[in-house]
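# What the coordinates show
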Amino acid sequence: DGGITQSPKYLFRKEGQNVTLSCEQNLNHDAMYWYRQDPGQGLRLIYYSQIVNDFQKGDIAEGYSVSREKKESFPLTVTSAQKNPTAFYLCASSIVVGNTEAFFGQGTRLTVV
Amino acid sequence: GQQVMQIPQYQHVQEGEDFTTYCNSSTTLSNIQWYKQRPGGHPVFLIQLVKSGEVKKQKRLTFQFGEAKKNSSLHITATQTTDVGTYFCAGHNAGNNRKLIWGLGTSLAVNP
């Protein structure tokens, strides 16, 4: 059963702690993305990766880090430097970066207290 | 920077009424995509339009891409409660295809 898996669905962390969100895809897609969605807002791009071992900053990369060591995996670390980390995080993938549809995971709702 | 404006932000209709959401880009787009996000869910791809003036239909949904490839619309005929959700448009800049530029979405509520 192909798709994108994000885990966990809900995550709670104390302020000042780093936290890593998992994203795995078995669609054999080259491109992967991380978005942040706040209530009533659209999607804001955090990081994207066109191919394994490559990634680029999106529009709101400060306070976040990523890695792309495997084609299937694109984990996102929310660091303590992120001033307002509580949000809904969405991972997506597409065949390539460009004119192709994006497939989204179920999302991780992160709450920092 | 490049923006995609989407209106209205919210729309509340009676079941059976029609609904339209509009997107306008500040620059020419190479394509426009539409996604639907149900409450508590994740965005799901609906369609992609590429050609100037293109019109595509999916049952009660009609999608249009403007002649100048700067605007697009999604029209739903005779809404149903299953249409509830937020509809997003997103496009690739004609000069830079690397990133999708997203509209803020239109949230549709349907009264039964």
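Residues numbered from 1 in each chain as written. Chains lettered and ligands numbered in written order. Predicted model: local features only at pLDDT ≥ 70, side-chain atom pairs only at ≥ 80, totals over all residues. Heavy atoms only, no water.

## Focus on the nonpolar core
For the record, the criterion: Put simply, a nonpolar core is a bunch of buried Ala, Val, Leu, Ile, Met, Phe, Trp, Tyr and Cys residues held in one set by side-chain atoms that sit within 4.5 Å of each other. The classification of residues rests on relative accessible area computed with a 1.4 Å probe and restricted to protein chains. Under 20% of the type maximum is buried, over 50% is exposed, and intermediate values are partly exposed. The secondary structure listing takes helices from DSSP runs of H or I that are at least 4 residues long and strands from runs of E that are at least 2 residues long, numbered from the N terminus.
In this structure, Trp34 and Phe63 of chain B are the most contacted members of the largest nonpolar core, which totals 20 residues. If you list the elements that add at least two residues to this core, you get β3 (19-25), β4 (29-37), β5 (43-49), β7 (61-65), β8 (71-76), β9 (85-93) and β11 (106-111) of chain B. Grouped together as the second largest cluster of nonpolar side chains are 19 residues, Ile4, Leu11, Val19 and Ala61 of chain A included.

## Remarks on the interface of chain A and chain B
Heads up, the rule is: Whether two residues are in contact is decided by their heavy atoms, any of which lying within 4.5 Å being enough. Put simply, buried area is how much 1.4 Å-probe accessible surface two parts lose in total, over both of them, once they are put together. Any Lys or Arg side-chain nitrogen located within 4 Å of an Asp or Glu carboxyl oxygen qualifies as a salt bridge. A 3.5 Å cut-off defines polar contacts: any pair of N or O atoms within that distance qualifies, except that in protein one atom must be a possible hydrogen donor and the other a possible acceptor, and neighbouring residues in sequence count only when both atoms are side-chain atoms. Note on residue classes: Ala, Val, Leu, Ile, Met, Phe, Trp, Tyr, Cys and Pro are nonpolar, Asp, Glu, Lys and Arg are charged, and everything else, Gly too, is polar.
The interface is formed by 21 residues belonging to chain A together with 20 residues belonging to chain B. The largest contributions to the chain A side of the interface with chain B come from Leu43, Asn99 and Phe104 of chain A, which together make up 28% of the buried area. In this assembly, chain A and chain B are joined by zero salt bridges. Remark: the boundary between chain A and chain B carries five residue pairs in polar contact (both at pLDDT 80 or more). Of all the secondary-structure elements, those providing two or more residues to the side of chain A that touches chain B are β4 (31-37), β5 (43-49) and β9 (87-94) of chain A. At three residues, β5 of chain A tops the list of elements feeding residues into the side of chain A that touches chain B. Here the residues of the side of chain A that touches chain B sort into nine nonpolar, ten polar and two charged.

## Description of the layout of surface pockets
It is a probe the size of a water molecule, rolled over the atoms, that shows where empty space is left. Under the convention used in this document: Buriedness for pockets is judged along seven lines, at least five of which must meet protein on both sides within 12 Å for an open set on the 1 Å grid over protein atoms alone, while cavities are sets there where a 1.4 Å probe fits but cannot get out, and lining residues have an atom within 4 Å of a point. Grid points are joined across faces, edges and corners, and a volume is the space filled by probe spheres set on the points.
In this structure, the largest pocket spans a volume of roughly 420 Å³. As for the largest pocket, its lining consists of 23 residues, of which Gln37, Pro39 and Gly40 of chain A together with Gln37 and Thr86 of chain B are closest to the centre. Broken down by element, the residue count for the lining of the largest pocket peaks at three residues, all from β9 of chain B. For the lining of the largest pocket, the residue count by class is nine nonpolar, eleven polar and three charged. Counted as a void, the second largest pocket has a volume near 310 Å³. Elements represented by at least two residues in the lining of the second largest pocket include exactly β5 of chain A together with β1 (4-7) and β10 (96-102) of chain B.

## Focus on the pattern of salt bridges
Residues and elements named next belong to chain A. Throughout the structure, instances matching the rule amount to five salt bridges over all chains. Close ionic contact of Asp30 with Lys71 constitutes a salt bridge, the shortest N to O distance being 3.4 Å. Residue Asp30 is found in the loop between β3 (19-25) and β4, and its partner Lys71 is found in the loop between β7 (64-66) and β8 (76-78); the two are separated by 41 residues along the sequence. Residue Asp30 is classed as partly exposed on the basis of its relative accessible area, which comes to 25%. Given a relative accessible area of 26%, Lys71 falls into the partly exposed group. The salt bridge involving Arg44 is made with Asp38; its shortest N-O contact spans 2.7 Å. The class of Arg44 is partly exposed, set by a relative accessible area of 39%. Through salt bridges with shared partners, a single ionic network connects Arg36, Asp38 and Arg44.

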